Amino acid sequence: MVSSSPAPAIFYLTLLLIISSCIPGSFSQSTPATTSPPTKIGNGYTLVSLQESPDSGLVGRLQVNRRNYIYGADIPFLQLYIKHETDDRLRVHISDAQQQRWEVPYDILPRDRPPTPSTQTIGRSRKNPITVSEFSGGELIFSCISNPFSFAVRRKSNGETLFNSTSDQSSPYNSLVFKDQYLEISTSLPKDASLYGLGENTQPHGIKLNPNEPYTLWTTDQSAINLNMDLYGSHPMYMDLRNVGGEAYAHGVLLLNSNGMDVLYRGNSLTYKVIGGIFDFYFFSGPSPLAVVDQYTQLVGRPAPMPYWSLGFHQCRWGYHNLSVVEDVVESYNKANIPLDVIWNDDDHMDGHKDFTLNPTAYPQPKLQDFLQRIHARGMKYIVIIDPGIGVNSSYGTYQRGLAKDVFIKYDGKPYLAQVWPGAVNFPDFLNPATVSWWGDEVRRFHEIVPVDGLWIDMNEASNFCSGLCTLPQGKQCPTGTGPGWICCLDCKNITKTKWDDPPYKINASGTHVPIGYKTIATSAVHYNGVREYDAHSMYGFTHAIATHKALQALQGKRPFILSRSTFVGSGHYTAHWTGDNQGTWNDLKYSIHTMLNFGIFGIPMVGSDICGFYPQPTEELCNRWIELGAFYPFSRDHANYYSPRQELYQWETVAESARNALGMRYKLLPYLYTLTYEAHTTGAPIARPVFFSFPNIQELYGLSTQFLLGESLMISAVLDQGQTNVSAVFPPGTWYNLFDLSQAIISKETQTVTLDAPLHVINVHLYQNTILPMQRGGLISKEAKMTPFTLIVTFPAGATEARAKGKLYLDDDELPDMSLGNGQSTYVEFYASASKENVKVWSDVTDSNYALDKGWVIEKVTVVGLAGIGGQFAIDVEGNGGILDVSKFKMVETEHKFLNEMKKVGEEENKSVMVEIGGLALPVGKQFTMSWTLGIS
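Per an unreviewed UniProt entry, the recorded name for the chain is Galactose mutarotase N-terminal barrel domain-containing protein, and the organism is Lactuca virosa. Database annotation for the chain, UniProt heading Sequence similarities (unreviewed entry): "Belongs to the glycosyl hydrolase 31 family."

See below:
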């Protein structure tokens, strides 16, 4: 996950001995002023020593200037460590110089360790403090001021300051503050910077961070309908996009810290207020948005490889009361001719809501196994939910084995008691290696009786229906078995006696500064090796995913599929994510795009929202529009609440028609989507991404939150408002082709908004110029669709005199644990095309051809758009076929394009542009081919 250290030659170091401290303001970016500065919490630190470290970094000592006791005493001595870890990644690590503090464990998130603090220089000041004038890596430059200590990071290529922690009396924030339970640091920002990230939250205003709105990070089980509040995941990472003279520059900033924090974004500055841990900053130089995510996932872990079937459509509901209902759902989808790959169970299959059990009446094992044999034979898959809370029950084998292996989180030496769906539960401690082994064994035992194809891990923030220190009630049943199951029935008392339960600084938890232990594990509870829940809380879902991934991979060596609600930095290396409990409203439809795009930036590209809303029942019109959008989420699943009416896609005929249309296109696009998952796994690239990722220099796109791209060039423009039969879509410059009817196109000479027709069953999907898109015939299940012949869509810009296009295709045995080449079970194809007035050429370059050849995949049609017409010679040459093929049997069809907006003139003549389809082909995907003919584009 982490690259080896760069060679010392890639950076250089200049150390200057200076009698007085550096001149404030020597950084190129000024500190913003305010008319009413707040009370200062600390007095800052002085850099008292600095030297080169053995690993070619810098190690320094900071000494507090004068202690301040607001939120506790300042830690007197800090260690500063700076390292250019790669050409495009800089690390700035600030920790206690005298004793070890909590950090994200290095075995959980592998990365380089900083030098161990040395006590020899602690407290030893120097008459001539030193400062770094420049510590330069490949693209990032670190510099600092000695007193009060602050640092800046700037870009080498253009000198722009990316991060500057300098503070003065007029600043609305403090100098560096480092106390046991309160850490603060800030950066000034240019007002025109566009920031993205800092999740998980539901951002009502779009994908950009909005100044002066709360950004609190503390994993919490509260519905995604709560706006601007801490939700299920914690991702203290943001991307900063700036436009300098018409050219875009993006960089990323990660504060690797799992403690609770408030992040205050004011528009011209950003302040971290953290209640524990250390400052461990990573700066990623970009400069493109795609490069930022690449560099980020290189550190935290590349996204997990996904099985092919996971890109199909999924159906779930909390409230499938028995197996007969599930069987009926599967058959109803089939009768309605709506694609379906995966059927899910929420906890309805369990015996008393207990993990790894079956309800013997509603889901008897023999009948369930028979059902699974039948759907597996068709290529369908089955996934069930597994919550972390283990029911306290003397006859429950999973619990008894857990007790015997001492796997649970403790309070005062005993397993911490909480309440979730089974009633009283204990929580496994996934920081404990023994717990990971026990969990794997429980997954194995369950899989032997129910051969599930993946696991859905929920409630892992962790969620608790009670708060505080609880005991089993005497003389009453808990839970009662009637009414909502989320009412606390344990006997509980608040815990306020410890600093971990009642820290001096109150983060804005749940938007109301509730105690951080509210409805979760008590923050003074203890994990393995004495780790406090206070520190490890927001990593619980992450460690749960790691243990589950290890368990599934150990079953048969197959590629795991996991869906997790709670996530942290690096979770994408193990799991997919859905956005939690949303509502069936038009606003939630819009919000789903914002959250999905953020998670792509967080390195979790396999993401989607509950289609049609989790609760309450959506309107028929809304569900139509939601499946049209949701068919293009990376993770596409309909899921509904126990108390909501049924909302499977076949429940309304109009929704069924929209589903057949939108999902029909998705299933034709499966090879493209799967290639995007390979790209995500190897480079971190989001599957769904903001439009500005492909057009970063266009500032009008920086806030565009109603449209998105799949990959580089497929744009989705959905209806997001009630009663609308058209949609206003923004089109960046170039030619865009309607994927449902390639004869229709839009030419945009500059970024413009176009009104598109969108009657009830229509979703607008447009393919950009210079693209080669591999598609297949589709089908009702991915297993069948995967084996159908291919079509290549080649898009040239209408009106261009010279043009190039390219695309790619990745194919493999998707049961293999990894996505890689060179294993004999995968093939990678790069497609190219060129066009001019004289000639058109389409060709391929194949890597590891045997797998595709063994499977017999062929290309049956090539469609080229943006051409001037057919004429002259036509020829196809296929590698290994002994020369040119006989083209007399091929079918060529020419269709003139229709342009929704007026087609512009080049010079004084109107352009003619046509689509040419070459059918009747049988080109082996695994063989390189060259196709050429003398027809051109105008």
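Looking now at the layout of surface pockets. There is about 1,100 Å³ of room inside the largest pocket. In terms of lining residues, the largest pocket is bounded by 49 residues, among which Gln100, Arg101, Trp102, Glu103 and Val531 are the most central. The computed volume of the second largest pocket comes to approximately 820 Å³. In this structure, the second largest pocket is lined by 39 residues; those nearest its centre are Asp221, Gln222, Phe465, Arg565 and Asp581. Among the residues making up the lining of the second largest pocket, the classes are represented as 18 nonpolar, 12 polar and nine charged.

Tallied over the full model, the rule gives four cavities of 30 Å³ or more. Here the largest cavity is characterised by a volume of approximately 90 Å³. In terms of lining, the largest cavity is formed by Glu200, Thr202, Ala224, Leu231, Thr579, Asn582, Asp588, Tyr591, Ser592, Thr595, Ser609 and Trp626. For the lining of the largest cavity, the element with the highest residue contribution is helix 8 (residues 586–601), accounting for four residues.

With that settled, consider the confidence of the model for the chain. Taken as a whole, the chain shows an average pLDDT of 92; of its residues, 91% reach a score of 70 or greater. Low pLDDT (under 50) marks residues 1–36, which in the prediction has 99 contacts with non-local residues, meaning those over four places away or in another chain. Residue range residues 903–909 is modelled with pLDDT below 50. Its contacts to residues more than four positions away, or to other chains, number 10 contacts.

Spatially, 35-36-37-42-39-40-52 is the arrangement adopted by the seven strands of the open sheet, whose pairing is mixed. Each end of this open sheet is capped by a strand with a single partner; those strands are strand 35 (688–689) and strand 52 (898–899). Alignment of strand 36 (residues 707–710) against strand 37 (residues 714–717), held across four bridges, turns out to be antiparallel. Residue pairing across strands places phenylalanine 708 opposite isoleucine 716, the latter belonging to strand 37. Helix 8 contacts strand 35 and strand 36 of the sheet and is inclined by roughly 40° relative to strand 36.

Further remarks concern unusual backbone geometry. Cis geometry marks the peptide bond from cysteine 478 to proline 479; its omega dihedral reads -5°. With respect to the secondary-structure elements, proline 479 resides in the loop between strand 28 (469–471) and strand 29 (491–493). The step from tyrosine 615 to proline 616 runs through a cis peptide bond, and the omega angle for that step is -20°. With respect to the element layout, proline 616 can be found in the loop between strand 33 (610–611) and helix 9 (620–630). In this structure, phenylalanine 356 is a non-glycine residue whose phi angle is positive, near 60°. Position of phenylalanine 356 relative to the elements: it lies in the loop between strand 20 (342–345) and helix 3 (365–378). In this structure, histidine 513 is a non-glycine residue whose phi angle is positive, near 55°.

Let us now look at the packing of helix 5 (residues 433–449) against helix 7 (residues 540–556). Two numbers describe how helix 5 lies on helix 7: the axes approach to 9 Å, and their chain directions differ by 50°. Looking at the two axes, helix 5 sits oblique to helix 7. For the element pair helix 5 and helix 7, the recorded crossing hand is right-handed. Contacts between helix 5 and helix 7 pair Val436, Trp439, Gly440, Val443, Arg444 and His447 from the former with His544, Ala547, Thr548, Lys550, Ala551, Leu552, Leu555 and Gln556 from the latter.

Let us now look at a nonpolar patch on the surface. Together, Trp486, Ile487, Tyr642 and Tyr643 give the surface a local cluster of nonpolar side chains, amounting to about 430 Å² of exposed area. Mapped onto the fold, tyrosine 642 is located in the loop between strand 34 (636–638) and helix 10 (653–668). Overall, tyrosine 642 belongs to the partly exposed group, its relative accessible area being 34%.

For the rest of this paragraph, the subject is the packing of aromatic side chains. Applying the stated rule across the entire model yields 55 aromatic pairs. Each ring, one from tryptophan 421 and one from tryptophan 486, has its centre 6.3 Å from the other, and the planes form 85°; the classification is edge-to-face. Taken together, the residues span a long stretch of sequence, with tryptophan 421 in the loop between strand 25 (417–420) and strand 26 (423–426) and tryptophan 486 in the loop between strand 28 and strand 29 at a distance of 65 residues. Centroid distance phenylalanine 695 to tyrosine 768: 5.2 Å. Interplanar angle 85°. Geometry classified as edge-to-face. With a gap of 73 residues between them, phenylalanine 695 in the loop between strand 35 and strand 36 and tyrosine 768 in strand 42 (residues 764–768) connect regions that are remote in the sequence. Residue class for phenylalanine 695 comes out buried when judged on its relative accessible area of 10%. Here tyrosine 768 falls in the buried class, since its relative accessible area comes to 14%. Against the face of tyrosine 106 rests arginine 111, its NZ or CZ located 3.8 Å from the ring centre.

With that settled, consider the state of the cysteines. Summed over the entire model, instances satisfying the criterion amount to four disulfides. Residue cysteine 470 pairs covalently with cysteine 492 via a disulfide, S to S 2.1 Å. Taking the sign of the S-S torsion, 110° for the link of cysteine 470 and cysteine 492, the bridge is right-handed. Of this pair, cysteine 470 sits in strand 28 while cysteine 492 sits in strand 29; the two residues are 22 residues apart in sequence, bridging distant segments of the chain. Note on cysteine connectivity: cysteine 612 is disulfide-linked to cysteine 623, with sulfurs 2.0 Å apart. Note on the cysteine 612 and cysteine 623 pair: the S-S dihedral is about 85°, so by sign convention the disulfide is right-handed. Note that cysteine 612 is positioned in the loop between strand 33 and helix 9 and cysteine 623 in helix 9, a separation of 11 residues in sequence. You can call cysteine 623 buried: its relative accessible area is 0%. Within the chain, bonded cysteines paired by disulfides and numbered along the sequence follow the pattern 1-4, 2-6, 3-5, 7-8.

Along helix 4 (residues 397–404), the positions that sit buried rather than exposed are Thr398, Tyr399 and Gly402. Viewed along the axis of helix 4, the buried residues span an arc of 95°, placing them on a single side of the element. Where helix 4 is buried, its residues contact strand 22 (390–391), strand 26 and helix 5.

Scoring rules and cut-offs
- Residues numbered from 1 in each chain as written.
- Predicted model: local features only at pLDDT ≥ 70, side-chain atom pairs only at ≥ 80, totals over all residues.
- Heavy atoms only, no water.
- UniProt positions renumbered as here; feature names shortened; annotations may be inferred.
- 1 Å grid on protein atoms, 1.4 Å probe; cavity = no way out; pocket = protein on both sides within 12 Å on 5 of 7 lines; lining within 4 Å.
- Points joined across faces, edges and corners; volume = space filled by probe spheres on them.
- Nonpolar A, V, L, I, M, F, W, Y, C, P; charged D, E, K, R; others polar.
- Helix = DSSP H or I, 4+ residues; strand = E, 2+ residues; numbered from the N terminus.
- pLDDT = per-residue confidence, 0-100.
- Contact = heavy atoms within 4.5 Å.
- Pairing = 2+ DSSP bridges.
- Axes fitted to C-alpha atoms, helices over the stretch in contact; angles between N-to-C directions.
- Parallel < 35°, antiparallel > 145°, perpendicular 65-115°, else oblique.
- Left-handed = near helix turned anticlockwise from the far one by under 90°.
- Patch = residues over 30% accessible without salt bridge, like charges linked within 9 Å, V, L, I, M, F, W, Y side chains within 5 Å.
- Areas by Shrake-Rupley, 256 points an atom, 1.4 Å probe, with all protein chains shown as cover.
- Salt bridge = Lys/Arg side-chain N within 4 Å of Asp/Glu carboxyl O.
- Buried < 20%, exposed > 50% of the residue type's maximum accessible area, 1.4 Å probe, protein only.
- Phe/Tyr/Trp six-rings, centres within 6.5 Å; stacked < 30°, edge-to-face > 60°.
- Lys NZ or Arg CZ within 6 Å of the ring centre and 35° of its normal.
- Disulfide = S-S within 2.5 Å.
- Arc of directions from axis to C-beta.

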